[in-house]
Amino acid sequence: MLEDTNESIEYVQAVLCHWFTESIIRHRTSVFGGEYYSHGKQFVEEVPIRRIDFSSSEESATHATITDLVKQIRSYSAKRDGSKLATDKELYARSIEAAKQSLEGLIDELYGLDERLKEQAAG
């Protein structure tokens, strides 16, 4: 990250893992066996990471929520992986999925993305 960047590493991680970013990378790279595609520097350095206007209370709040959701996902993942009971693993897996859905919705909104575009990107 650049020194003058106020966006958290969790925010950048969330954007890089978002379906829209993945579709951009997938269209720029070659597909290898098993449907794997490269995430090398040359394919991700031009990906548009939307900068947050921290003077806007709404954007600052969105950034904070995205950051918190990524931290929750990490925490739930560690708890799921450390759980011995299947019911606990399932509870954490559901919590992870709910946090991911919230995260996707926030980033969709931040980038102005809609279902039509998501369907096109998936196809």
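Below: a short report on this structure. (Residues numbered from 1 in each chain as written. Predicted model: local features only at pLDDT ≥ 70, side-chain atom pairs only at ≥ 80, totals over all residues. Heavy atoms only, no water.)

Okay, the side chain of D108 next. The topology assignment puts D108 in helix α5 (residues 86-111). There is a polar contact of 2.8 Å between the side chain of D108 and the side chain of W19. Discounting residues that sit within four places of it in the chain, D108 has contacts with H18, W19 and L113. (Helix = DSSP H or I, 4+ residues; strand = E, 2+ residues; numbered from the N terminus. Polar contact = N/O pair within 3.5 Å; in protein donor to acceptor, adjacent residues only side chain to side chain. Contact = heavy atoms within 4.5 Å.)

To continue, consider the packing of helix α1 (residues 9-16) against α5. A packed helix pair is summarised by two numbers, namely the angle formed by the two axes and the spacing between the axes. In contact at an axis separation of 10 Å, α1 and α5 are set at 85 degrees when each is read in the N-to-C sense. Between α1 and α5, the interaxial angle falls into the category roughly perpendicular. On α5, the residues touching Y11, A14 and V15 of α1 are L103, I107, L110 and Y111. In the contact of α1 with α5, the residues fall into seven nonpolar, no polar and no charged. (Axes fitted to C-alpha atoms, helices over the stretch in contact; angles between N-to-C directions. Parallel < 35°, antiparallel > 145°, perpendicular 65-115°, else oblique. Nonpolar A, V, L, I, M, F, W, Y, C, P; charged D, E, K, R; others polar.)

The periodicity of an α-helix, 3.6 residues per turn, causes residues three or four places apart in sequence to face the same way. Look at helix α4 (residues 57-82): 37 Å from first C-alpha to last across 26 residues, which is about the 38 Å you get at 1.5 Å a residue. All buried positions along α4 are accounted for by E59, T62, H63, I66, T67, L69, V70, I73 and S77. Of the surrounding secondary structure, the elements contacted by the buried residues of α4 are α1 and α5. (Expected span 1.5 Å × (residues − 1). Buried < 20%, exposed > 50% of the residue type's maximum accessible area, 1.4 Å probe, protein only.)

Here we take up the nonpolar core. Counting 14 residues, the largest nonpolar core has Y11, A14, I66, I73, L103, I107 and L110 as its most contacted members. Of all elements in the fold, only α1, α4 and α5 reach the threshold of two or more residues within this core. For this core, the element with the highest residue contribution is α5, accounting for five residues. If we skip the residues at most four places from it in the chain, Y11 touches I49, R50, I52, H63, I66, T67 and L110. (Core = buried A, V, L, I, M, F, W, Y, C linked by side-chain atoms within 4.5 Å.)

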